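# Observations on the model geometry
Each chain is listed here by its residues.
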Amino acid sequence: MRRLFIFLLILVSALGSFLTWLFLREKDSVPILSYHQVNDIDQNSYTLTVEQFDAQMKYLYESGYNVITPNELLDAWESNSPLPDNPVIITFDDAHIDIYKNVFPILQKYRMRATFFVVTDYVNLYPNYITWDQAREMQASGWADIESHTLNHKILTEISSRDKVWDQLYGSKQAIEWYLKKPVNFIAYPAGKYTVEAEKISKEAGYRAGFIADYGLAQKDPNRYVLTRIPILGANSHTLFRFKLRLKFSPIFAPIHRFKEKLIRDGNPEVAELIWIP
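Parameters at a glance
Residues numbered from 1 in each chain as written. Predicted model: local features only at pLDDT ≥ 70, side-chain atom pairs only at ≥ 80, totals over all residues. Heavy atoms only, no water. Axes fitted to C-alpha atoms, helices over the stretch in contact; angles between N-to-C directions. Helix = DSSP H or I, 4+ residues; strand = E, 2+ residues; numbered from the N terminus. Parallel < 35°, antiparallel > 145°, perpendicular 65-115°, else oblique. Contact = heavy atoms within 4.5 Å. Nonpolar A, V, L, I, M, F, W, Y, C, P; charged D, E, K, R; others polar. Phe/Tyr/Trp six-rings, centres within 6.5 Å; stacked < 30°, edge-to-face > 60°. Buried < 20%, exposed > 50% of the residue type's maximum accessible area, 1.4 Å probe, protein only.

## Points about the packing of helix H8 (residues 240–248) against helix H9 (residues 250–265)
The geometry of H8 relative to H9 is characterised by a closest axis approach of 6 Å and an angle of 90° between their N-to-C directions. Judged by the inter-axis angle, H8 sits roughly perpendicular to H9. The segment H8 lies against H9, with Leu245, Arg246, Leu247 and Lys248 engaging Ser250, Pro251 and Phe253. Residue classes in the contact of H8 with H9 are distributed as 4 nonpolar, 1 polar and 2 charged.

Printed below as a string of structure tokens:
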């Protein structure tokens, strides 16, 4: 019994030390939240209800989180200036009409800013996407920053031609700058997938940073073209409690998620399904 107690004590101590190390190594890192849709119609993992999104923004507001922009984050990192307490960045991908109808008013309600990565070929084309007039209104408000999510959401890892990758990245940047008369500094890679070549092209095209999705916090690293974001999923199973878990315990869930993804790539999806991530 005494040996068992000592063993358990050592195990708990080792686990505690490991978790402490995980959090300490992320001390200068920032959570970047990644959303897609907010409405009360679609029932899928990419869509939050309006009530869910409002509750999450209210939680950030009441808990003392300071919403910053990607530019503010990079400015602080590059000048070694301190960030505000509890910094967080809010981002949206794709630019569905929901962001204008549902997200934009909630951001204004809680006085929060967000970055919206738009698929430029979809703007003014499909009825479920925003128009350039709406994008212009959001940008002018000061609560939104319109940035690039490529021309037509082609997965960059599936494009073999360097010229076509360049068109996706630079073409969308040009479109936003022409329509909105503002510099475009950031690219969010479709589905969070990218290549080393895509990183190089993003830099050549004049982007200041690129964003992926990997559950982890954005780290102060010389490579600004693979900044990680935390996916915030929807549907009825993703409660405010699960949002809090992803926000607060990202240093733990990020390596677990990478291990789960590796299991899937290695042909062990059944094992991967046994690993729970909020």
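Next comes the rest of the account.
## Quick notes on the environment of Lys164
Looking at the secondary structure, you find Lys164 in helix H6 (residues 162–180). Residues Lys164 and Lys154 lie 10 residues apart in sequence; the distance between their C-alpha atoms is 9.8 Å.

## Re the packing of aromatic side chains
Inspection of the entire model under this criterion finds 17 aromatic pairs. Both rings, one in Phe117 and one in Phe211, keep their centres 5.5 Å apart while their planes meet at 50°; by these two values the pair is tilted. One end of the pair, Phe117, is in strand S6 (residues 114–118); the other, Phe211, is in strand S9 (residues 209–211), with 94 residues separating them in the sequence. No difference in accessibility class separates Phe117 from Phe211, as the two residues are buried. A centroid spacing of 5.9 Å and a plane angle of 65° characterise the contact between Phe186 and Phe211, whose relative ring orientation is edge-to-face. Placement of the pair is Phe186 in strand S8 (residues 186–188) and Phe211 in strand S9, with a sequence separation of 25 residues. Each member of the pair Phe186 and Phe211 is classed as buried.

The quantities given are spatial measurements derived from coordinates; they are silent on function.
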